[in-house]
Amino acid sequence: MASLSRALRVAAAHCGWSPSQGLRLRPRTSTAGPTTKKSVPYQRTLKEEQGPSAVARGPSQPLPSTASVVVIGGGSVGCQTLYHLAKLGVSGAVLLERERLTSGTTWHTAGLLWQLRPSDVEVELLAHTRRVVSRDLEEETGLHTGWIQNGGLFIASNRQRLDEYKRLMSLGKAYGVESHVLSPAETKALYPLMNVDDLYGTLYVPHDGTMDPAGTCTTLARAATARGAQVIENCPVTGIRVRTDDFGVRRVTAVETEHGSIQTPFVVNCAGVWASAVGRMAGVRVPLVAMHHAYVVTERIEGIQNMPNVRDHDASVYLRLQGDALSVGGYEANPIFWEEVSDKFAFGLFDLDWDVFSQHIEGAINRVPVLEKTGIKSTVCGPESFTPDHKPLMGEAPELRGFFLGCGFNSAGMMLGGGCGQELAHWIVHGRPEKDMYGYDIRRFHHSLTDHHCWIRERSHESYAKNYSVVFPHDEPLAGRNMRKGPLHEELLGRGCVFQERQGWERPGWFSPRGAAPVLDYDYYGAYGHQVRKDYAYNRLLGDEYTFDFPPHQDVIRKECLACRGAAAVFDMSYFGKFYLVGPDARKAADWLFSADVSRPPGSTVYTCMLNHRGGTESDLTVSRLDPGLQAPTLAPTFEGDGYYLAVGGAVAQHNWSHITSVLQDQRFRCQLIDSSEDLGMISVQGPASRAILQEVLDVDLSNEAFPFSTHKLVRAAGHLVRAIRLSFVGELGWELHTPRAACVPVYKAIMAMGAKLGLVNAGYRAIDSLSIEKGYRHWHTDLRPDDSPLEAGLAFTCKLKSAVPFLGREALEQHRASGLRRRLVCFTVDEKVPMFGLEAIWRNGHVVGHVRRADFGFTIDKTIAYGYIRDPSGGPVSLDFVKSGDYALERMGLTYAAEAHMKSPFDPDNKRVKGMY
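Residues numbered from 1 in each chain as written. Predicted model: local features only at pLDDT ≥ 70, side-chain atom pairs only at ≥ 80, totals over all residues. Heavy atoms only, no water.

Attention now goes to the packing of helix α4 (residues 120–141) against helix α7 (residues 213–226). At a minimum axis distance of 10 Å, the contact between α4 and α7 shows a crossing angle of 45°. As summarised for this structure, α4 and α7 are arranged oblique, according to the angle between their axes. Here the hand of the crossing between α4 and α7 comes out left-handed. Between α4, through Val132, Val133, Leu137, Glu140 and Thr141, and α7, the contact on the second element is made entirely by Thr216, Thr219, Leu220, Arg222 and Ala223. Of the residues in the contact of α4 with α7, the class split is 5 nonpolar, 3 polar and 2 charged. (Axes fitted to C-alpha atoms, helices over the stretch in contact; angles between N-to-C directions. Helix = DSSP H or I, 4+ residues; strand = E, 2+ residues; numbered from the N terminus. Parallel < 35°, antiparallel > 145°, perpendicular 65-115°, else oblique. Left-handed = near helix turned anticlockwise from the far one by under 90°. Contact = heavy atoms within 4.5 Å. Nonpolar A, V, L, I, M, F, W, Y, C, P; charged D, E, K, R; others polar.)

In this section: the nonpolar core. One broad trend across soluble globular proteins is that nonpolar side chains are buried collectively. Of all hydrophobic cores here, the largest spans 143 residues; its most connected members are Leu96, Tyr191, Ile240, Leu326, Leu371 and Phe403. A total of 8 residues in this core trace back to one element, the largest contributor, which is helix α11 (residues 413–430). Ranked by size, the runner-up nonpolar core spans 33 residues in total, among them Trp510, Val519, Ala763 and Tyr765. (Core = buried A, V, L, I, M, F, W, Y, C linked by side-chain atoms within 4.5 Å. Buried < 20%, exposed > 50% of the residue type's maximum accessible area, 1.4 Å probe, protein only.)

It is worth spelling out the confidence of the model for the protein at this point. Across the protein, the average pLDDT comes to 94, with 95% of residues at 70 or higher. Note on residues 14–35: pLDDT under 50 across the span, and 46 contacts to partners over four residues away in sequence or across chains. Overall, residues 49–55 carries pLDDT values under 50, and its contacts beyond four positions in sequence, including any with other chains, amount to 7 contacts. (pLDDT = per-residue confidence, 0-100.)

Next up on the list: the pattern of salt bridges. Across all of its chains, the model carries 57 salt bridges by this definition. A salt bridge links Asp441 to Arg443; its shortest N-O distance comes to 3.0 Å. Each member of the pair, Asp441 as well as Arg443, carries the same accessibility label: buried. Between Lys466 and Asp475 there is a salt bridge, with its nearest N and O atoms 2.7 Å apart. Using a relative accessible area of 22% as the deciding quantity, one classes Lys466 as partly exposed. When its relative accessible area of 24% is taken as the criterion, Asp475 is described as partly exposed. (Salt bridge = Lys/Arg side-chain N within 4 Å of Asp/Glu carboxyl O.)

Strand order in the open sheet formed by 6 strands is β32-β33-β34-β31-β25-β35, with mixed pairing between adjacent strands. This sheet does not close on itself; its edge strands, each paired only once, are β32 (712–717) and β35 (760–763). In this sheet, neighbouring strand axes are inclined to one another by 30° on average, regardless of whether the strands run parallel or antiparallel. The sheet contact formed by β32 and strand β33 (residues 720–725) spans 6 bridges and is antiparallel. The residue bridging Val715 from the neighbouring strand is Val722, located in β33. Contacting β25 (568–572), β31 (680–686), β32, β33, β34 (734–740) and β35, helix α19 (residues 744–755) runs over the sheet at an angle of about 10° to β31. (Pairing = 2+ DSSP bridges.)

Where helix α3 (residues 76–87) meets α7, the closest approach of the two axes is 9 Å, and the angle between their N-to-C directions is 25°. If you check the angle between α3 and α7, you find them roughly parallel. Crossing of α3 against α7: the hand is left-handed. Each of Ser76, Cys79, Gln80, Leu82, Tyr83 and Ala86 in α3 lies in contact with α7, whose residues at this interface are Cys217, Leu220, Ala223 and Ala224. When its residues are assigned to classes, the contact of α3 with α7 shows 8 nonpolar, 2 polar and no charged.

Around the barrel, which closes on itself, the 6 strands sit in the order β36-β39-β38-β37-β40-β41 with antiparallel pairing between neighbours. Neighbour-to-neighbour, the strand axes of the sheet open up by a mean angle of 40°, direction not taken into account. Inspection of the sheet shows strand β40 (residues 888–892) paired to strand β41 (residues 895–902) by 5 bridges, in the antiparallel sense. Opposite Arg892, over in β41, you have Leu895 as the bridge partner. Along the sheet, helix α5 (residues 159–174) makes contact with β37 (841–844), β38 (847–858) and β40, crossing β38 at roughly 135°. Running at roughly 125° to β38, helix α20 (residues 765–775) makes contact with β38 and β39 (863–870) of the sheet.

Turning next to the environment of Phe386. Its location among the elements puts Phe386 in strand β19 (residues 375–386). Note: C-alpha distance between Phe386 and Ala412 (26 residues apart in sequence) is 9.9 Å. Sequence-distant contacts of Phe386, defined by excluding residues within four places in its chain, comprise Leu288, Val289, Met291, His293, Tyr331, Asn410, Ser411, Ser460 and Tyr464.

This brings us to the packing of aromatic side chains. Applying the stated criterion to the full structure yields 31 aromatic pairs. Here Phe729 and Tyr777 contribute two aromatic rings whose centre-to-centre distance is 6.0 Å and whose plane-to-plane angle is 15°, an arrangement assigned as stacked. Linking Phe729 in the loop between β33 and β34 with Tyr777 in the loop between α20 and α21 (810–819), this pair joins segments that are 48 residues apart in sequence. These aromatic residues form a ring-pair network of at least three members: Phe337, Tyr522, Tyr524, Tyr525 and Tyr528. Above the ring of Phe337, the side-chain terminus of Arg457 is found at 3.8 Å from the ring centroid. When the ring centre of Tyr765 is taken as origin, the NZ or CZ atom of Arg507, which lies over that ring, is 3.9 Å away. (Phe/Tyr/Trp six-rings, centres within 6.5 Å; stacked < 30°, edge-to-face > 60°. Lys NZ or Arg CZ within 6 Å of the ring centre and 35° of its normal.)

Moving on, we come to the side chain of His851. On the secondary structure map, His851 appears in strand β38. A polar side-chain atom of His851 sits 3.0 Å from a polar atom in the side chain of Asp120. When sequence neighbours within four positions are dropped, the list of residues in contact with His851 reads Asp120, Leu171, Ala174, Tyr175, Leu839, Glu840, Ala841, Ile842, Gly868 and Tyr869. (Polar contact = N/O pair within 3.5 Å; in protein donor to acceptor, adjacent residues only side chain to side chain.)

Before going further, it helps to examine unusual backbone geometry. One non-glycine residue, Tyr524, lies in positive phi territory at about 55°. Here Tyr524 is to be found in the loop between β24 (505–511) and α14 (537–544). Among the residues examined, Tyr524 registers a relative accessible area of 9% and is labelled buried.

Right, let's get into the environment of Leu621. In this fold, Leu621 is placed in strand β28 (residues 617–625). With 13 residues separating them along the chain, Leu621 and Thr608 place their C-alpha atoms 5.7 Å apart. Not counting chain neighbours up to four residues away, the residues in contact with Leu621 comprise Phe594, Val606, Tyr607, Thr608, Cys609, Met610, Leu646, Ala647 and Val648.

Okay, the pairing of strand β15 (residues 289–298) next. Within β15, 10 of the 10 residues are buried, which leaves the element mostly enclosed by the surrounding structure. Strand direction decides the pairing type here: β15 and β19, joined by 10 bridges, are antiparallel. Along β19, the bridge assignment pairs His293 with Gly382. Sheet topology note: the β15/strand β18 (residues 325–330) ladder contains 3 bridges and is antiparallel. Bridge pairing in β18 links Val296 to Val328.

Right under this line is the structure:
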């Protein structure tokens with residue numbers, strides 16, 4: 001019998017490591033450490049110990065010739081998806097599993113469920129999983145899933161970690177999740193075997209627990225088949241049949257197996273680490289990697305019974321209660337990649353590499369000292385799939401209609417499976433999920449990244465290695481950078497630009513007075529023989545902002561903001577998505593796609609939303625009507641019929657492209673969507689002095705009469721043809737110059753030269769965040785999401801409801817308006833100088849009525865500003881009188897701060913500045 005301390009000594013001897021030296025990462029080796037039994041710690045699994053291979057026996061039941069939906073993969077997510085499809089009334093859904101249920105990665109999972117995460121959507125998804133496994137399935141089937149509610153305990157070894165947990169506690173209050181911040185002494189009383197000498201405190205969530213993979217999946221299968229679904233095991237999928245319709249759209253038609261084919265219009269890829277291989281069968285790119293992920297199971301520990309599960313994030317280790325023992329695992333900086341994924345691997349485990357795993361042992365022993373003398377009963381090292389942002393891959397693939405993804409769950413498929421299975425079922429049946437699933441939607445990734453092996457590998461590694469890191473508001477990745485650069489990148493870098501990364505794009509964050517801080521090639525945090533970068537300026541600037549207080553660069557961003565308000569600022573927004581919608585049916589398409597009336601005369605520009613059928617907001621963007629008589633390369637394409645120029649946020653450009661494309665296909669509009677995002681830059685000059693500066697650069701009259709707000713023209717800037725649009729995202733007089741890539745640098749230099757004497761400064765997106773929230777402008781995917789309607793968000797002016805023109809989502813909006821809004825987006829200001837970043841609880845008259853979606857500091861009004869949706873606790877409509885009559889406070893990390901609610905923007909509520917009225 002091996003003990004944890006012996007394992008630590010063996011690993012130390014093998015790699016020259018000692019506790020006094022600290023952990024040191026080194027290239028992996030194949031074998032090291034004591035020999036231990038490889039076995040999962042569950043009393044029951046679905047593994048067959050003897051007999052011929054399951055595949056040789058053939059499928060567990062005959063294949064139907066047709067199916068409404070075919071789910072590929074019988075793990076947690078596949079079974080949950082089938083179950084929820086059946087609950088929605090879908091008849092004839094089929095799940096195909098190549099071996100037995102759970103045989104891939106689910107069977108060896110730790111099965112932990114933690115209810116609190118730094119995401120409101122994930123809190124909702126986890127809550128649904130918990131309801132399914134702890135209540136619904138047992139009520140439906142009479143079978144126990146194996147759910148154990150023993151609670152969860154998060155360990156904080158420093159103040160910042162405890163601050164993060166307090167943020168989770170405040171968010172949990174908005175969702176009714178009970179949690180308590182405990183002192184070290186209270187923690188010791190709860191968990192007597194724990195060492196608390198080095199603790200700042202803990203977060204205790206009494207209703208967390210653990211799930212049993214076999215029990216959960218078999219019960220899900222029983223419940224689904226009782227509703228008419230089929231589960232067919234021992235039936236490997238060999239191909240996906242695809243046809244191209246008469247509109248040129250690729251669609252799923254059938255699933256092929258070794259034992260026959262099934263005609264179906266919908267396939268759901270829930271194949272886990274094998275999802276990439278299934279994707280290739282259909283010509284669909286699935287950006288994930290397979291890695292070894294391990295834990296060890298101890299021998300019996302006296303006094304451990306009924307203790308909560310533990311996550312010690314700072315030690316990168318978790319301790320899962322396993323009856324009278326513990327499972328010990330974590331996330332390391334040098335995980336082993338499974339380079340050649342075998343399609344024959346079922347109920348399999350790898351040999352544990354103690355060189356890799358040993359880094360978790362010291363932390364485990366420090367937290368529960370009795371482990372030093374506790375034996376190791378077995379090791380569990382199996383494959384798991386991981387993605388570039390540590391979020392699952394879900395939704396309909398942009399390459400193939402009818403092909404859905406439900407994979408890449410980053411070792412969280414059990415705890416997210418219920419919520420995600422429900423959303424996938426809605427996605428398939430209704431065309432969109434009920435919740436805001438953009439963070440999981442495969443369409444979040446730009447198409448240039450989803451088959452970029454180096455980017456996927458680097459980002460997946462970093463996301464794995466940082467899984468237990470504190471989630472700070474202004475952190476940025478170091479991996480997979482410099483994939484897409486704007487035309488001003490080098491120019492701005494030389495001026496001190498500190499870049500942010502958004503879906504491959506490098507965009508300006510803020511400008512450091514210390515000079516250039518370039519993003520360098522990824523060093524894998526010193527793993528796999530790489531040298532950790534020393535004196536890395538960019539990484540040092542990121543580290544300075546690892547705080548939940550006001551960041552140290554607050555004064556720099558303040559100066560950028562106040563310069564924009566008092567003089568002028570230039571913003572490089574070249575990462576924006578820039579599309580042309582042109583063709584014979586372009587006007588019909590525009591009327592249907594956009595909630596606002598965009599079919600105005602050529603030269604007009606309109607701010608609008610795009611909605612889904614439920615009235616939720618899929619996007620907000622600007623749409624400029626084009627003059628068919630004007631033609632210019634890049635700036636004015638040749639087209640028949642009507643034409644529109646679309647500008648959308650760069651981080652969500654792929655989502656917008658995919659949404660528009662799907663609508664065009666579904667409605668069979670005869671028009672073309674052209675992507676010019678890489679061909680055009682976008683230089684925005686904003687502020688009271690913007691007109692005086694640009695009047696010296698552009699060859700047109702910029703007066704209000706000659707160039708009104710929300711109009712656009714083709715003009716010359718420093719001799720170069722550009723499209724000038726009079727718009728603002730910061731609430732000031734200003735213009736956007738949409739400029740051919742080759743002309744961006746000379747146009748930018750001309751602007752800077754003319755602006756030098758008028759106080760023009762460079763500014764980045766950190767300033768935009770502050771300026772825009774001050775003005776009350778919405779950010780899509782924070783203030784405005786696919787589950788928010790424009791009416792709830794205060795954007796009724798973007799909806800052409802007074803006209804008779806039909807548009808996507810109109811019927812849902814009319815129903816919402818008639819029945820009364822059940823929530824509203826409200827602006828709050830806090831007089832006390834306290835930073836907020838979102839997720840804070842909103843209190844009204846002593847009751848929690850919502851949480852903050854977005855918050856920032858407004859430097860002009862010198863207050864913290866927050867936006868969040870509020871509800872009436874009684875369940876009734878939220879009227880304007882309800883909003884006005886409340887006494888509000890915002891809870892940040894357990895402390896409440898008096899807040900004032902505003903019906904209009906607290907800055908320039910009459911919109912005078914954008915009209916040039918100062």
